Amino acid sequence: MKKKYIIGNWKSNKTSAEVEEWFIQSKDVYEREKNSITDDIRIILCPSFIHLKEAHELSRKYNLPIRLGAQDISPFGAGAYTGEIAASQIADLVEYVIIGHSERRTFLGENETLLTQKTEQVLKAKLIPIYCIQDEKTPIPEGIAMVAYEPVFAIGTGQAETPAKANEIAQKVRQKRKVDTFIYGGSVNPDNIESFLTLGEIDGVLPGGASLTPALFWEMIRNASRT
Ligand code: 13P
């Protein structure tokens, strides 16, 4: 069965107490709504590194069908790299790692060389990179099977890309190389999620802001289940 991915990127949001509150509320919503969530939905949450363990434990405690991803990774392996978090250090907590988000490219100056190193580390740890591209021209390193198209103008602005254009970018990328999973991100919300998932080329979405509130997050999942 082809999966539909809903990947919440929390960015630098939430304290530990707020993470706990999100899970408590999610448990209630999930209990009520689980019958309207289809088996093809794959839910991934990407909190800050510091909250991965807590999210892992709360997700288990409340029996939520949530897998975890990291928002970034060290370009190096384990060792003397102060402040960095190596893929091997979180491999028992996460299955996915976002690489190349435009916020990191813009605010932290991440370039293709660095992003290729990060990709190599993620693959070495047997995790799945979610590689962000800003348009169809963004280079994609070897070994990437999951690509997320996130046009900068659509991020946090409420102005999502048109589903038709996102679908077209997916086609263009797939003409150039083999991509198993194509994701769209940028102002995804409960009202527009279905329009992205029904065009054929888009396998999932990567909401930021709308993933922070349990009610909105689970509403997106419910609506995605209808597609
Ligand atoms: P918004 O959904 O808040 O626009 O963020 C998208 C994003 O950058 C996800 O990685």
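Below is a short write-up of the structure. (Residues numbered from 1 in each chain as written. Predicted model: local features only at pLDDT ≥ 70, side-chain atom pairs only at ≥ 80, totals over all residues. Heavy atoms only, no water.)

**Section: the overall build of the protein chain**
For step 1, the next point in the chain: The number of helices and strands found in the protein chain is eight helices and eight strands.
For step 2, the next point in the chain: For 227 residues, the compact-globule estimate of 2.2 N^0.38 gives 17 Å, and the C-alpha radius of gyration of the protein chain, at 17 Å, lies within 12% of that figure.
For step 3, the next point in the chain: Over its C-alpha atoms, taken along the principal directions, the protein chain stretches across nearly 45 × 40 × 35 Å.
For step 4, the next point in the chain: Counting only residues that meet the buried cut, the protein chain has 52% of its 227 residues in that class.
For step 5, the next point in the chain: When contacts within the protein chain are restricted to residue pairs at least 6 apart in sequence, long-range pairs at least 24 apart make up 68% of them.
For step 6, the next point in the chain: Split by element, the accessible area of the protein chain, about 10,600 Å² in all, is 49% carbon and sulfur.
For step 7, the next point in the chain: The centroid of the 27 positive side-chain charges in the protein chain is displaced by 3 Å from the centroid of its 30 negative side-chain charges. (Helix = DSSP H or I, 4+ residues; strand = E, 2+ residues; numbered from the N terminus. Rg over C-alpha atoms; globule rule 2.2 N^0.38 Å. Buried < 20%, exposed > 50% of the residue type's maximum accessible area, 1.4 Å probe, protein only. Contact = heavy atoms within 4.5 Å. Areas by Shrake-Rupley, 256 points an atom, 1.4 Å probe, with all protein chains shown as cover. Lys, Arg positive; Asp, Glu negative; His and termini not counted. Charge placed at Lys NZ, Arg CZ, Asp CG, Glu CD.)

**Things to note about the packing of helix H1 (residues 16–33) against helix H2 (residues 52–61)**
For step 1, the next point in the chain: Running from N to C, H1 and H2 cross one another at 25°; their axes reach a closest spacing of 10 Å. In this view, H1 runs roughly parallel relative to H2, as classed from their interaxial angle. Here the hand of the crossing between H1 and H2 comes out right-handed. Here Ser16, Val19, Glu20 and Phe23 of H1 lie close against H2, whose contacting residues are Glu54, Ala55, Leu58 and Ser59.
For step 2, the next point in the chain: Within the contact of H1 with H2, the residues separate by chemical class into four nonpolar, two polar and two charged. (Axes fitted to C-alpha atoms, helices over the stretch in contact; angles between N-to-C directions. Parallel < 35°, antiparallel > 145°, perpendicular 65-115°, else oblique. Left-handed = near helix turned anticlockwise from the far one by under 90°. Nonpolar A, V, L, I, M, F, W, Y, C, P; charged D, E, K, R; others polar.)

**Things to note about the side chain of Gln71**
For step 1, the next point in the chain: Residue position: Gln71 is located in the loop between strand E3 (66–70) and helix H3 (87–90).
For step 2, the next point in the chain: Gln71 gets classed as buried once you look at its relative accessible area, which sits at 18%.
For step 3, the next point in the chain: Within the structure, Gln71 has its side chain in polar contact with the backbone oxygen of Lys11 (distance 3.0 Å).
For step 4, the next point in the chain: There is a polar contact of 2.9 Å between the side chain of Gln71 and the backbone oxygen of Cys46.
For step 5, the next point in the chain: In contact with Gln71, not counting residues within four places along its chain, are Asn9, Trp10, Lys11, Ser12, Cys46, Pro47, Ser48, Ile98 and Arg104. (Polar contact = N/O pair within 3.5 Å; in protein donor to acceptor, adjacent residues only side chain to side chain.)

**As for the side chain of Ser187**
For step 1, the next point in the chain: Considering the arrangement of structural elements, one finds Ser187 in the loop between strand E7 (181–184) and helix H7 (193–197).
For step 2, the next point in the chain: Of the polar contacts made by the side chain of Ser187, one reaches the backbone nitrogen of Thr157; its length is 3.5 Å.
For step 3, the next point in the chain: Reaching out from Ser187, the side chain makes a polar contact with the backbone nitrogen of Gly158 at a distance of 2.8 Å.

**Remarks on the packing of aromatic side chains**
For step 1, the next point in the chain: Counted by the stated rule, this structure contains eight aromatic pairs.
For step 2, the next point in the chain: Measuring from ring centre to ring centre gives 4.3 Å for Phe76 and Tyr81, while their planes differ by 10°; the resulting arrangement is stacked.
For step 3, the next point in the chain: Relative accessible area serves as the criterion here: at 31%, Phe76 is assigned to the partly exposed category.
For step 4, the next point in the chain: For Tyr81, a relative accessible area of 36% translates into the label partly exposed.
For step 5, the next point in the chain: Residues Tyr184 and Phe196 carry aromatic rings whose centres are separated by 4.3 Å and whose planes lie at 10° to one another, so their mutual orientation is stacked. A residue pair is termed long-range when its members are at least 10 positions apart, and Tyr184 in strand E7 and Phe196 in helix H7 qualify at twelve residues.
For step 6, the next point in the chain: An aromatic cluster is defined as three or more aromatic residues linked by ring pairs; in this entry it consists of Trp10, Trp22, Phe23, Tyr30, Phe217 and Trp218.
For step 7, the next point in the chain: One Lys or Arg, Lys14, reaches over the ring of Trp10 and ends 5.2 Å from the middle of that ring.
For step 8, the next point in the chain: Taking the ring centre of Tyr62 as reference, the NZ or CZ of Lys27 above it sits at 5.5 Å. (Phe/Tyr/Trp six-rings, centres within 6.5 Å; stacked < 30°, edge-to-face > 60°. Lys NZ or Arg CZ within 6 Å of the ring centre and 35° of its normal.)

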